[in-house]
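Survey of secondary and tertiary structure
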Amino acid sequence: MNSKRALIRSAVAGLVAAGLGQAPSAIASDGAAPAGKEKCYGIAKAGQNDCGTATHACAGLAKKDNAPDEWKYVPKGTCTKLGGKLKPPGK
Amino acid sequence: MSGAPGLAAMQREFAAAVTAGDADAFVAHLAGDPGRALRRLAIYRRAIAANRCGALRAAYPVVARLVGDAFFDEAARRFTHASPPREADLNRYGAGLPAFLAGYPPAAALPWLADVARLEWAWHESLMAADASPADFAALAGVSGEAQPALRFALHPSVRLVRSAWPVLAIWEANQEGRDGTAARDEGADDILVWRDGARVRLALLGAPEAGFLEAIMAGVTLGEAADRAGQWDFAPALARLAGLGLIAGFHAGDPRPA
Amino acid sequence: MPARFAPRAPHPAKAGIGLRTAHFEALAARSPALGFLEVHSENYFADGGPAIAWLERFRRDYAVSLHGVGASLGSADPLDAAHLDRLARLCERIEPALVSEHLCWSSAGGAHLGELLPLPYTEESLRHVATRVTAIQERLGRPILVENVTAYVRFASSTVPEGEFIAELARRTGCRVLLDVNNAWVNAVNHGTDARAILRAIDPATVGEIHLAGFAATEDGLVDTHGARVAADVWALYAEAVSLLGPVPTLVEWDTDLPALEVLLDEAARADAILAGARPARRVAA
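Here's a quick rundown of the structure. On a predicted model such as this, the values are computed, not experimentally measured, just so you know.

When helices and strands are tallied, chain B shows eleven helices and five strands. Within chain B, the proportion of its 259 residues that are buried is 57%. Taking the intrachain contacts of chain B between residues at least 6 apart in sequence as the baseline, contacts between residues at least 24 apart amount to 67%. Total accessible area computed for chain B in this model is approximately 9,500 Å², and 53% of it derives from carbon and sulfur atoms.

Think of a pair of aromatic rings as described by two things: how far the centres are apart, and how the planes are tilted against each other in angle. Following the criterion strictly, the structure yields 18 aromatic pairs over all chains and no others. Ring centres of phenylalanine 14 of chain B and tyrosine 44 of chain B lie 5.8 Å apart, and the angle between their planes is 65°; on these two criteria the pair is classed as edge-to-face. Of this pair, phenylalanine 14 of chain B sits in helix H1 (residues 5-19) while tyrosine 44 of chain B sits in helix H3 (residues 34-59), placing them 30 residues apart in sequence. Note on accessibility: phenylalanine 14 of chain B and tyrosine 44 of chain B belong to one class, buried. Ring-pair connections join several aromatic residues into one group, and the members of that group are Phe14, Phe26 and Tyr44 of chain B together with Trp105, Tyr152 and Phe155 of chain C.

Residues and elements named next belong to chain C. Taken together, the eight strands give a closed barrel; going around it, the order is E1-E2-E3-E4-E7-E8-E9-E12, and neighbouring strands pair in parallel fashion. When the angles between neighbouring strand axes are averaged without regard to direction, this sheet yields 25°. Bridge analysis of strand E7 (residues 145-147) against strand E8 (residues 176-180) gives three bridges, and the strand direction is parallel. Residue pairing for E8: glutamate 147 is matched across the bridge by leucine 178. Lying over the sheet, helix H6 (residues 181-191) contacts E7, E8 and strand E9 (207-212), oriented at roughly 60° with respect to E8.

With that out of the way, let us pick up the side chain of arginine 152 of chain B. Residues and elements named next belong to chain B. Structurally, the position occupied by arginine 152 is in strand E1 (residues 151-155). For arginine 152, which is buried and forms no salt bridge, the nearest opposite charge comes from glutamate 225, at a distance of 6.4 Å. At 2.7 Å, the side chain of arginine 152 forms a polar contact with the backbone oxygen of glycine 220.

For the rest of this paragraph, the subject is the pairing of E9 of chain C. Residue and element names in this part refer to chain C. For E9, the tally of buried residues reaches six of six residues, placing the bulk of the element in the interior. The pairing of E8 with E9 spans four bridges and is classified as parallel. Among the inter-strand pairings, leucine 179 is bridged to a residue of E9, identified as isoleucine 210. Across three bridges, E9 lies against strand E12 (residues 250-252) in parallel orientation. When the sheet's bridge partners are listed, leucine 212 is paired in E12 with valine 252.

Our focus in this paragraph is the pairing of strand E4 (residues 200-206) of chain B. Residues and elements named next belong to chain B. For E4, a buried count of five out of seven residues is recorded, marking the element as mostly surrounded by other parts of the structure. Examined bridge by bridge, strand E3 (residues 191-197) and E4 share seven bridges and lie antiparallel to one another. Paired with aspartate 191 across the bridge in E4 is leucine 206.

With that settled, the discussion passes to the environment of alanine 156 of chain C. With respect to the element layout, alanine 156 of chain C can be found in the loop between E7 and helix H5 (162-173). For alanine 156 of chain C, a relative accessible area of 52% corresponds to the exposed category. Residues alanine 156 of chain C and tyrosine 121 of chain C, spaced 35 residues apart in sequence, show a C-alpha to C-alpha distance of 9.6 Å. Not counting chain neighbours up to four residues away, the residues in contact with alanine 156 of chain C comprise His29, Leu30 and Ala31 of chain B.

Here the structure, examined in full by the defined rule, presents 32 salt bridges over all chains. Across the salt bridge formed by glutamate 225 of chain B and arginine 229 of chain B, the nearest N and O atoms sit 2.9 Å from each other. On the criterion of helical spacing, the pair formed by glutamate 225 of chain B and arginine 229 of chain B is a turn pair, its members being four residues apart in helix H10 (residues 223-230). Looking at glutamate 225 of chain B, the relative accessible area reads 36%, which means it is partly exposed. Each of the salt bridges in this network shares a partner with another, and the network as a whole consists of Glu123, Arg127, Glu168, Arg171 and Arg172 of chain C.

This brings us to unusual backbone geometry. All names here are of chain C. With a phi close to 40°, serine 31 is a non-glycine residue in the positive phi region. Position of serine 31 among the secondary structure elements: in the loop between helix H1 (24-30) and strand E2 (37-40). In this structure, glutamate 95 is a non-glycine residue whose phi angle is positive, near 45°. Inspection of the secondary structure puts glutamate 95 in the loop between helix H3 (81-94) and strand E4 (98-102). Taking the relative accessible area as the measure of exposure, glutamate 95 reaches 24% and is therefore partly exposed.

What follows concerns H10 of chain B. All names here are of chain B. Every buried residue belonging to H10 is among Leu223, Gly224, Ala226, Ala227 and Ala230, and all of these are buried. Down the axis, H10 shows its buried residues gathered within 160° of arc, on one side only. Facing away from the buried side of H10 by more than 90 degrees, the exposed set consists of Asp228 and Arg229. Directly beyond the C-terminal end of H10, a positive phi value near 65° is found at glycine 231.

One broad rule of soluble globular proteins: the nonpolar side chains tend to lie buried together. Among the nonpolar cores identified, the biggest contains 104 residues, and Phe14 and Leu41 of chain B together with Leu179 and Ile210 of chain C are the most heavily contacted of them. Other than its neighbours up to four places away in sequence, leucine 179 of chain C contacts Asn148, Ile198, Leu199, Ile202, Val207, Glu209, Ile210, His211, Ala241 and Leu245 of chain C. Counting residues in hydrophobic clusters, the runner-up holds 43 residues, among them Val67, Leu97, Leu169 and Val201 of chain B.

Now for the packing of helix H4 (residues 123-140) of chain C against H5 of chain C. All names here are of chain C. Relative orientation of the contacting elements H4 and H5 amounts to 45°, with a least axis distance of 10 Å. Compared by their axis directions, H4 and H5 come out oblique. In this structure, the crossing between H4 and H5 has a hand that is right-handed. Across from Glu123, Ser125, Leu126, Arg127, Val129, Ala130, Val133, Thr134 and Gln137 in H4, the residues of H5 making contact are Phe165, Glu168, Leu169, Arg172 and Thr173. Its residues placed into classes, the contact of H4 with H5 shows six nonpolar, four polar and four charged.

The rules we used
- Residues numbered from 1 in each chain as written.
- Chains lettered and ligands numbered in written order.
- Predicted model: local features only at pLDDT ≥ 70, side-chain atom pairs only at ≥ 80, totals over all residues.
- Heavy atoms only, no water.
- Helix = DSSP H or I, 4+ residues; strand = E, 2+ residues; numbered from the N terminus.
- Buried < 20%, exposed > 50% of the residue type's maximum accessible area, 1.4 Å probe, protein only.
- Contact = heavy atoms within 4.5 Å.
- Areas by Shrake-Rupley, 256 points an atom, 1.4 Å probe, with all protein chains shown as cover.
- Phe/Tyr/Trp six-rings, centres within 6.5 Å; stacked < 30°, edge-to-face > 60°.
- Pairing = 2+ DSSP bridges.
- Axes fitted to C-alpha atoms, helices over the stretch in contact; angles between N-to-C directions.
- Lys, Arg positive; Asp, Glu negative; His and termini not counted.
- Salt bridge = Lys/Arg side-chain N within 4 Å of Asp/Glu carboxyl O.
- Polar contact = N/O pair within 3.5 Å; in protein donor to acceptor, adjacent residues only side chain to side chain.
- Arc of directions from axis to C-beta.
- Core = buried A, V, L, I, M, F, W, Y, C linked by side-chain atoms within 4.5 Å.
- Parallel < 35°, antiparallel > 145°, perpendicular 65-115°, else oblique.
- Left-handed = near helix turned anticlockwise from the far one by under 90°.
- Nonpolar A, V, L, I, M, F, W, Y, C, P; charged D, E, K, R; others polar.

What follows is the structure, encoded as structure tokens:
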């Protein structure tokens with residue numbers, strides 16, 4: 001119990017010492033990853049999708065409807081590069 | 001409910017005609033040449049399918065890349081039939097795709113796919129989450145040692161935690177633009193912190209104890225209870241890291257919910 | 001109208017363009033002279049994050065028009081209060097010059113179809129849409145503009161032409177009209193009707209905005225893709241509209257196969273030239 005109190009006390013003292021956290025700007029360009037030794041991953045994806053809202057303007061001009069075919073059930077993406085290697089860790 | 005029974009009936013039939021393929025009977029409601037009207041209805045059918053699928057594709061680009069276009073489009077088609085959008089803003093559509101993929105038999109060979117989807121949805125939500133200023137911790141100095149275990153923290157609205165039994169962060173990273181899909185790791189149970197830093201969503205790998213601690217804080221438990229769950233593990237650095245990233249938006253001592 | 005609104009009116013004789021994510025950086029770098037910027041309201045419904053921050057940034061330099069694609073004015077489903085709340089919140093944040101929606105429906109039985117679907121032009125539709133337009137205007141505390149849509153099919157039950165339907169809607173609700181000249185042209189070609197009929201039917205004083213866009217010609221007719229330059233026939237119809245209506249804020253819409261910003265600016269300049277030749281006579285103040 002006492003050691004728990006001590007852990008809490010030291011954690012809170014750390015926050016007080018840190019003071020005010022950073023205030024990020026929402027239009028910041030891609031800066032360096034924030035502090036921490038851990039690897040942080042920035043993102044390439046553009047973000048908000050203009051086609052995310054309804055309008056036929058965004059619809060494809062497909063000439064034909066797509067009928068279901070067997071090959072639509074076989075993953076054919078980059079997952080082949082992962083092969084069957086991926087495994088959860090043995091616990 | 002509606003004061004327009006004729007409209008309500010027409011719209012139900014129209015919707016069925018352009019989503020369930022029952023268009024022949026509906027053409028009777030339309031003016032002009034029936035054959036041409038049928039082909040014109042197909043413009044709507046294709047546009048509706050493309051818009052829905054496009055919204056999912058925008059939220060799940062890594063999943064789409066992992067399975068390929070044909071597989072993704074078919075999975076999306078089945079998902080949208082089972083769970084059509086319930087609101088107009090398609091930017092908010094697709095929360096249920098991870099669960100759908102988890103139970104989609106053709107995806108059974110890719111047991112990690114649903115977790116990759118969960119990570120992408122967390123990313124998507126984080127991008128659109130509310131802005132918030134970091135807390136000013138000066139006021140914490142006034143909280144007595146006795147009251148400290150009752151502290152609760154409110155995290156930045158963009159914070160998400162994704163816990164997986166698979167190395168989903170490695171998979172995700174390997175399938176970003178410009179990468180060839182080869183994962184740097186083929187092992188690992190990834191616990192991933194997702195947050196928005198300014199305009200950018202960021203991801204970081206957490207250790208399992210840190211993830212457990214974050215999970216407790218996100219669930220709104222007191223610092224004391226989070227500490228109990230952490231056992232002998234020192235959570236102070238984890239808390240300091242959250243604060244350093246500007247992800248602690250508020251705290252409260254005593255009240256059931258943080259401000 | 002609430003006093004907090006201080007709308008920056010779009011320049012009446014200067015065309016605007018649709019603001020799309022891919023052009024954020026280029027537009028911020030160049031800050032070209034434009035009458036206004038228009039966005040799809042729903043793309044800025046997020047609680048926070050970069051999209052709304054960008055829009056607030058552009059709002060400092062431009063009048064902004066919020067063009068909704070999701071209010072579903074003609075749906076028999078109840079109005080979505082949460083959707084309207086988000087639209088109202090966006091209006092408060094952006095103080096748009098114009099707020100518009102489409103004369104269409106998009107959901108049935110609670111399922112959203114993600115499309116602008118056509119209505120039969122009947123008294124039942126008119127009563128229904130008028131009730132909802134009034135409710136939305138009351139919720140937002142301002143009049144909205146209602147746009148004529150592309151309709152690939154027409155209903156056997158329609159009793160009035162589209163133009164008369166819209167004119168009557170404006171009379172009953174006080175809403176204004178967003179005249180999409182491209183949609184009028186696409187519908188006229190697809191159904192063999194007169195594209196000018198809608199110009200004659202609508203009270204010029206109610207027209208608050210004009211849309212221009214490009215279509216694609218397919219074997220099933222013209223498809224309103226917003227993915228090409230404005231067609232020559234549509235420019236001609238636009239010139240007629242402007243000579244009839246006087247200078248009206250005009251938008252160049254482009255959504256599919258988005259080109260470089262320069263192409264949009266070029267199209268907008270072409271609209272400017274037509275607006276510059278218009279007599280400001282026949283319109284009353286907005």
